[in-house]
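# Structural overview
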Amino acid sequence: MPDFPAATQRSRVRVPLRFHDGYGVDAELVTFHGLTDGQEHVAIVLGDPSPGTTPLVRLHSECLTGDVFGSARCDCGPQLREAVERIADRGGVLLYLRQEGRGIGLYNKLDAYALQDQGLDTYQANAALGLPEDARDYTAAAQMLQALGITALDLLSNNPDKADQLRALGTDVRDRVPTGVFTTPHNVRYLRAKVLQTQHTLPLGELSGLNAG
């Protein structure tokens, strides 16, 4: 059995989601009691899986700059938009996790951006600030999935650490499904660093260029 306390569902509410490109879908947002990190994470339930179908799940870390303001320095906004549609088509859940800047927070992330402008990559910038390269822990995500009754899933992610952590927490990750590749002149170095430093499944050969990200 997983070595963490059980969380419970706190509330469920229907919310129509509408995106800037015209795509829309109705979702159910779920909040929780008892999450180990005390954060206000939200599960976005989308679509209706066919009987016997493994749900598609994404763990999406909050990114104010990318998700809300459309920053081109990362690929978070396009990944979020893509994930909502792909999960809605198949049926599953997007866990929106309050882990800004890979867990270091918004102010620290912006400080890291300033160091990236001086030539450091995204991981080197965190280290220069005395911060972890990636501070995210997915115990709360495993609690949320358990509270939703999801014990087996296909994970929509390029990040092997997410699958590894969920498996270590007792979740049956049957397959890891890559997201699209969303490059801009401003995020190429950022995406290359993900491949080289943390083995994200992105096509390294396509990620060429020297623009800052």
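Here, the structure is the one placed above.
Report follows, based on the coordinates. (Residues numbered from 1 in each chain as written. Predicted model: local features only at pLDDT ≥ 70, side-chain atom pairs only at ≥ 80, totals over all residues. Heavy atoms only, no water.)

### Topic: the packing of aromatic side chains
According to the stated counting rule, one finds one aromatic pair in the structure shown. Note on Phe19 and Tyr23: the rings are 6.1 Å apart at their centroids and 40° apart in plane angle, and the pair reads as tilted. A cation over a ring is seen here: Arg73 above Tyr113, with NZ or CZ 4.2 Å from the ring centre. Over the aromatic face of Phe19 sits the side chain of Arg81, whose NZ or CZ is 5.6 Å from the ring centroid. (Phe/Tyr/Trp six-rings, centres within 6.5 Å; stacked < 30°, edge-to-face > 60°. Lys NZ or Arg CZ within 6 Å of the ring centre and 35° of its normal.)

### So, the pattern of salt bridges
In the structure shown here, the tally under the stated rule is eleven salt bridges. Two residues, Glu85 and Arg81, come together in a salt bridge whose shortest N-O distance is 2.8 Å. Within this pair, Glu85 and its partner Arg81 are both found in helix H2 (residues 76-90), separated by four residues, close to a single helical turn. With a shortest N-O distance of 3.0 Å, Glu82 and Arg86 are connected by a salt bridge. Of this pair, Glu82 and Arg86 both sit in helix H2, four residues apart, which is roughly one turn of that helix. Since its relative accessible area comes to 28%, Arg86 is described here as partly exposed. (Salt bridge = Lys/Arg side-chain N within 4 Å of Asp/Glu carboxyl O. Helix = DSSP H or I, 4+ residues; strand = E, 2+ residues; numbered from the N terminus. Buried < 20%, exposed > 50% of the residue type's maximum accessible area, 1.4 Å probe, protein only.)

### Some details on the pairing of strand E3 (residues 42-46)
Across the five residues of E3, four count as buried, placing the element largely inside the fold. Direction of pairing for strand E2 (residues 24-33) relative to E3: antiparallel, over a ladder of three bridges. Along E3, the bridge assignment pairs Leu29 with Ile44. Examined bridge by bridge, E3 and strand E5 (residues 92-97) share five bridges and lie antiparallel to one another. Counted as the bridge partner of Ile44 is Leu94 from E5. (Pairing = 2+ DSSP bridges.)

### A closer look at the nonpolar core
The biggest cluster of nonpolar side chains holds 27 residues, and the ones touching the most others in it are Phe32, Ala43, Leu59 and Leu95. The element that contributes the greatest number of residues to this core is helix H5 (residues 139-147), accounting for six residues. The residues touching Ala43, leaving out its near neighbours within four places in the chain, are Glu28, Leu29, Val30, Phe32, Val93, Leu94, Leu95, Met144 and Leu148. If you look at the next biggest cluster of nonpolar residues, it comprises 16 residues, including Val25, Ala27, Ile44 and Leu156. (Core = buried A, V, L, I, M, F, W, Y, C linked by side-chain atoms within 4.5 Å. Contact = heavy atoms within 4.5 Å.)

### Digging into the state of the cysteines
On inspection of all chains with the given rule, the structure shows zero disulfides. Not part of a disulfide, Cys63 finds its nearest cysteine sulfur in Cys74, a span of 3.7 Å. For Cys74, a relative accessible area of 4% puts it in the buried group. (Disulfide = S-S within 2.5 Å.)

### Some words on helix H6 (residues 160-168)
Residues of H6 that are buried: Pro160, Lys162, Ala163, Gln165 and Leu166. Two to three positions downstream of the cap, the backbone nitrogen of Asp161 sits 3.0 Å from a side-chain oxygen, assigning the N-cap of H6 to Asn159. Phi turns positive, to about 95°, at Gly170, one or two residues after H6. (Polar contact = N/O pair within 3.5 Å; in protein donor to acceptor, adjacent residues only side chain to side chain.)

### Things to note about the sheet that holds E5
Judged by pairing direction, the sheet is mixed, and its seven strands sit side by side in the order E1-E2-E3-E5-E4-E6-E7 without closing on themselves. Looking along the sheet, the strands with just one partner apiece sit at the ends: strand E1 (8-18) and strand E7 (172-177). On average, each strand axis in the sheet is inclined to that of its neighbour by 30°, with strand direction left out of account. Note: E1 against E2, ten bridges, orientation antiparallel. Paired with Ser11 across the two strands is Thr31, which belongs to E2. (Axes fitted to C-alpha atoms, helices over the stretch in contact; angles between N-to-C directions.)

### Some details on unusual backbone geometry
Of all residues except glycine, most have a negative phi; of all peptide bonds, most are trans. Of note, the phi angle at Arg102 is positive, near 55°, even though the residue is not glycine. Considering the arrangement of structural elements, one finds Arg102 in the loop between E5 and helix H3 (106-116).

### Observations concerning the environment of Gln124
Structurally, Gln124 can be placed in helix H4 (residues 122-128). Taking the C-alpha atoms as reference points, Gln124 and Ala112, twelve residues apart in sequence, are found 8.8 Å from one another.

### A few points about the side chain of Arg102
For Arg102, which is buried and forms no salt bridge, the nearest opposite charge comes from Asp134, at a distance of 4.5 Å. Only 2.8 Å separates the side chain of Arg102 from the backbone oxygen of Glu133, close enough to count as a polar contact. (Lys, Arg positive; Asp, Glu negative; His and termini not counted.)

Taken by themselves, the reported measurements are silent on function.
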